[in-house]
Protein chains: 2
Amino acid sequence: MHITALAGGVGGARFLRGLLHHLQTRPGSPHQVTVIANTGDDITLFGLRVCPDVDTLLYTLGGGVHEGQGWGRADETHSVQGELAAYGASPQWFGLGDRDFGTHIVRSQWLGQGHTLSEVVGRLATRWGLPEQGVRLLPMTDTPVETHVVIDDEDGQRAVHFQEWWVRMQASVPAQRFVVAGMDRAAPAPGVLDAIRQADVVLLPPSNPVVSIGIILSVPGVRDALRGTAAPVVGVSPLVGGAPVRGHADACLAALDVPVTPVGVAGLYADFLSGWLVDEGDASARYDARLQVRAVPLLMTSVETAGAMAGAALDLAAELPRRG
Amino acid sequence: MHITALAGGVGGARFLRGLLHHLQTRPGSPHQVTVIANTGDDITLFGLRVCPDVDTLLYTLGGGVHEGQGWGRADETHSVQGELAAYGASPQWFGLGDRDFGTHIVRSQWLGQGHTLSEVVGRLATRWGLPEQGVRLLPMTDTPVETHVVIDDEDGQRAVHFQEWWVRMQASVPAQRFVVAGMDRAAPAPGVLDAIRQADVVLLPPSNPVVSIGIILSVPGVRDALRGTAAPVVGVSPLVGGAPVRGHADACLAALDVPVTPVGVAGLYADFLSGWLVDEGDASARYDARLQVRAVPLLMTSVETAGAMAGAALDLAAELPRRG
């Protein structure tokens, strides 16, 4: 079975770790999981290229993540950032640990040697044992793109990098809109469109529907591939009871004037979504009649509960006909 | 009093720390010390620009050096390099600690932003408090240069980066000659020639006469400035009893067919040297009759003994007439 998933950071990574756990409990069913990662969060810090969502996926699936915070490395120290602060280098609001710096340094070195981001992610994934787990991790595009957030301040509107809005401002300043610098000249990374077209199942984990999944959908060709694939596309709501389980999806949806509800989020995917997994408390909402909705507990408090969610998504997909 | 010194790494840094200690004990004599640092040892590792001699000078004069090894930072950890090894990045024979990586990252960032190496070294020196100590640290040139070592191997001659020969091979493979890549288009950094011309005293610390001092002397214009300055030029022998106190000066001198003696080293500076400080055990050798030679204990086992050496060099300079 070939499963293709679009993923952002923590929510996507935890769901996919659950998916791998679930697949391991089904003996005799070989699988290939292709993960298409958002790279709109990428940022150059201290001259080094940082890919937060890719790294969260690597660390989580590879067993190196800091469980408590959901991103970054376990057993982390912060000598490098302390030195950078002593030299007066900025920004200091983006926390990078020493082990994490190792990833950013080697990625920047390889990119500087002329390797594509796909090639670099492939190398990083090898160190983290993803191929052995049947996982192929692809960046959504090899073109450097960056999500910027348009906000109002005293002097009118200005655009800040997504990470500045998300991390430094904690999404507390209302976003007027999101603009992805570089997307006009971006192409999907090698394998991305084929992974969607040739999948048996396409999954949308409970990642942020605007700044994670939404950014991947804006890569030229991706949305068309999702509309055209014969595979059922099953999404998992990132909202439970009208609020995001984690992160600032509410602030992102507000910028788009989309209701902060599983109905509102499903509407963003209406042109290609066939199955929609929502929390039990959201079962009674009025969803699009063409959508197959299933309600289960949507909490990823452990690998096992995340695995149960992923299993429910696969079960729902198995009940849906191939399309087209 | 304006003192200008040409310096390599550990030996130069310890001598200059001694010099500053000595100057502090002479109240009422304001001083300005300009240090012209060798940058031929510079190397790009993991995409980051590393300047070993500059950093040893910064860390030693700034109070952050690892005293035992003479270079690198005290209280160092090695998480970053461990990660780079896990990713299969090379080389692994050049040990870089986490705090040290902070310096290389910020330097590479600033260079990448278009600052000259002089500007970058000035910023780094500010963090380490060098200006407050009356020290101005200049790289010998802002042009990227790299000392390469020509060695024989099975397939004939090949050139390796100086650091590979010095650190990985521990200078155990005979050097046929030294070649400085980039030197043909190099110019002295701003202030270098004026610091030599306008000095009251020029000092040559006991740095390696071939791959530290010798490289600085090969920057176009530097040797002529030393020949032309009115200031006495006083050198300190890096050899005691026919062997280097530290490092591989013997292997470097052998490549030039220069005797591994204080007489041999002084011969390398014959066209501009006016005073020569040697160890007491080397007092009886036959030096050039035009050279004012003074014998004192040449061991830098502490800041105080290094200070005494530096004081002896200044005393010798004070006895020499201004030239020209």
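Each value, and the rule that gives it
Residues numbered from 1 in each chain as written. Chains lettered and ligands numbered in written order. Predicted model: local features only at pLDDT ≥ 70, side-chain atom pairs only at ≥ 80, totals over all residues. Heavy atoms only, no water. Helix = DSSP H or I, 4+ residues; strand = E, 2+ residues; numbered from the N terminus. Rg over C-alpha atoms; globule rule 2.2 N^0.38 Å. Buried < 20%, exposed > 50% of the residue type's maximum accessible area, 1.4 Å probe, protein only. Salt bridge = Lys/Arg side-chain N within 4 Å of Asp/Glu carboxyl O. Least-squares fit on C-alpha atoms with pLDDT ≥ 70 in both. Contact = heavy atoms within 4.5 Å. Buried area = accessible area lost by both parts, 1.4 Å probe. Pairing = 2+ DSSP bridges. Right-handed = clockwise from strand over helix to strand, strands pointing away. Phe/Tyr/Trp six-rings, centres within 6.5 Å; stacked < 30°, edge-to-face > 60°. Lys NZ or Arg CZ within 6 Å of the ring centre and 35° of its normal. Disulfide = S-S within 2.5 Å. Axes fitted to C-alpha atoms, helices over the stretch in contact; angles between N-to-C directions. Parallel < 35°, antiparallel > 145°, perpendicular 65-115°, else oblique. Left-handed = near helix turned anticlockwise from the far one by under 90°. Nonpolar A, V, L, I, M, F, W, Y, C, P; charged D, E, K, R; others polar. Domains from an automatic or database assignment. Core = buried A, V, L, I, M, F, W, Y, C linked by side-chain atoms within 4.5 Å.

- Identification of chain A as LPPG:FO 2-phospho-L-lactate transferase from Allobranchiibius huperziae is taken from an unreviewed UniProt entry.

## Observations concerning the overall build of chain A
Consideration 1: Looking only at helices and strands, chain A has 12 helices and 14 strands in total.
Consideration 2: Radius of gyration (C-alpha) of chain A: 19 Å, near the 20 Å computed for a compact globule of 324 residues.
Consideration 3: Its C-alpha atoms give chain A principal-axis dimensions of about 60 × 50 × 35 Å.
Consideration 4: A buried classification covers 57% of the 324 residues belonging to chain A.

## Some words on the pattern of salt bridges
Pairs can form between side chains of opposite charge once their charged atoms are near each other.
Consideration 1: Under the counting rule described, the total for this entry stands at 29 salt bridges over all chains.
Consideration 2: Ionic pairing is found between R17(A) and E67(A), a salt bridge with its closest N-O pair at 2.6 Å. Pair noted here: R17(A) is in helix α1 (residues 10-24) and E67(A) is in the loop between α2 (52-62) and α3 (79-86), with a separation of 50 residues, a long-range link.
Consideration 3: Across the pair R99(B) and E83(A) runs a salt bridge whose closest N-O atoms are separated by 3.6 Å.

## What to know about the relation of the copies chain A and chain B
Consideration 1: Mapping chain A onto chain B calls for a screw motion: a turn of 180 degrees about the axis and a shift of 0.0 Å along it, with 0.0 Å RMSD after fitting. The superposition operator between the copies reduces to a two-fold rotation axis. Closest to the rotation axis within chain A is the C-alpha of D98(A), separated from it by 3.4 Å.
Consideration 2: When the interface residues of chain A are mapped onto chain B, 100% of them again lie at the interface, so the same face is used by both copies.

## As for the interface of chain A and chain B
Consideration 1: Facing the 26 residues of chain A at the interface are 26 residues of chain B.
Consideration 2: Carbon and sulfur atoms supply 63% of the area buried between chain A and chain B, which totals about 2200 Å² over both sides.
Consideration 3: If you sort the residues of chain A by the area they bury against chain B, E83(A), Y87(A) and I105(A) come out on top, with a joint share of 32%.
Consideration 4: In this structure, the connection of chain A to chain B is made through 6 salt bridges.
Consideration 5: A salt bridge links R73(B) to E83(A); the nearest nitrogen and oxygen atoms lie 2.7 Å apart.
Consideration 6: Mapped onto the side of chain A that touches chain B, the elements with two or more residues apiece are α3, α4 (98-112) and α5 (117-127) of chain A.

## Considerations on the pairing of strand β1 (residues 2-7) of chain A
Residues and elements named next belong to chain A.
Consideration 1: Taken across its 6 residues, β1 has 6 buried, putting it largely inside the fold.
Consideration 2: Side chains of β1 alternate between two faces, with H2, T4 and L6 and I3, A5 and A7 buried alike.
Consideration 3: By the bridge criterion, 6 bridges tie β1 to strand β2 (residues 32-37) in an arrangement that is parallel. In the strand pairing of β2, I3 is matched with V33.
Consideration 4: Between the parallel pair β1 and β2, the chain is carried across by α1, and the sense of this crossover is right-handed.
Consideration 5: In the sheet, β1 pairs with strand β9 (residues 201-204) via 3 bridges, with the strands oriented parallel. Considered in β9, the bridge of T4 is made with V202.

## Topic: the packing of aromatic side chains
Consideration 1: Scanning the model with the defined rule gives 18 aromatic pairs over all chains in all.
Consideration 2: With centroids separated by 6.1 Å and ring planes inclined at 75 degrees, the aromatic side chains of W93(B) and F94(B) adopt a geometry described as edge-to-face.
Consideration 3: Since its relative accessible area comes to 10%, F94(B) is described here as buried.
Consideration 4: Relative to F272(B), the ring of Y269(B) lies with its centre 5.9 Å away and its plane at 35 degrees, an arrangement referred to as tilted.
Consideration 5: Here the basic side chain of R127(A) rests over the ring of Y87(B), its NZ or CZ set 4.7 Å away from the ring centre.
Consideration 6: One cation-aromatic arrangement involves R73(B) over Y59(B); the distance from NZ or CZ to the ring centre is 5.3 Å.

## Points about the state of the cysteines
Residues and elements named next belong to chain A.
Consideration 1: Throughout the structure, instances matching the rule amount to 0 disulfides over all chains.
Consideration 2: Counting only cysteine sulfurs, C252 is the nearest neighbor of C51, a cysteine outside any disulfide, at a range of 19 Å.
Consideration 3: The class for C51 is buried, based on a relative accessible area of 1%.

## Observations concerning the packing of α4(A) against helix α3 (residues 79-86) of chain B
Consideration 1: Two numbers describe how α4(A) lies on α3(B): the axes approach to 8 Å, and their chain directions differ by 50 degrees. Judged on the interaxial angle alone, α3(B) and α4(A) are oblique. Like other packed secondary-structure pairs, α4(A) and α3(B) cross with a definite hand, here right-handed. Here α4(A) contributes D98(A), R99(A), F101(A), G102(A), I105(A) and V106(A) to the contact with α3(B), which in turn contributes S79(B), V80(B), E83(B) and L84(B).
Consideration 2: Class assignment for the residues of the contact of α4(A) with α3(B) results in 5 nonpolar, 2 polar and 3 charged.

## Considerations on the domain arrangement of chain A
Residue and element names in this part refer to chain A.
Consideration 1: Each assigned domain of chain A is listed here: domain 1 (2-41 + 54-60 + 115-143 + 185-319) and domain 2 (146-182).
Consideration 2: The distance between the C-alpha centroids of domain 1 and domain 2 comes to 24 Å.
Consideration 3: For the domain 1 and domain 2 pair, buried surface summed over both sides reaches about 1100 Å², with 65% attributable to carbon and sulfur atoms.
Consideration 4: Inspection of the region where domain 1 meets domain 2 yields 0 salt bridges.
Consideration 5: Looking at the side of domain 1 that touches domain 2, the element that brings in the most residues is helix α10 (residues 249-255), giving 3 residues.

## Examining the side chain of N208(A)
Residue and element names in this part refer to chain A.
Consideration 1: If you trace the backbone, N208 turns up in the loop between β9 and α8 (213-217).
Consideration 2: N208 gets classed as buried once you look at its relative accessible area, which sits at 11%.
Consideration 3: Not counting chain neighbours up to four residues away, the residues in contact with N208 comprise W166, I213, G214, H248, A249 and C252.

## Let's talk about the nonpolar core
Consideration 1: Residues L203(A) and L203(B) are the most contacted members of the largest nonpolar core, which totals 116 residues.
Consideration 2: Aside from chain neighbours lying at most four places away, what touches L203(A) is I3(A), T4(A), A5(A), L6(A), F15(A), L19(A), V234(A), A313(A) and L314(A).
Consideration 3: Judged by nonpolar contacts, the second largest core, of 52 residues, contains M169(B), V192(B), L193(B) and I196(B).

## Here's the deal with the sheet that holds strand β7 (residues 156-161) of chain A
Residue and element names in this part refer to chain A.
Consideration 1: The sheet built from 3 strands is open, its strands ordered β7-β6-β8 with antiparallel pairing. Pairing within the sheet leaves two strands with one partner each, and these edge strands are β7 and β8 (175-181). Each adjacent strand pair in this sheet contributes to an overall mean axis angle of 30 degrees, direction not counted.
Consideration 2: Note that strand β6 (residues 146-153) and β8 share 6 bridges and pair antiparallel. Across the sheet, residue T147 finds its bridge partner in β8, namely V180.

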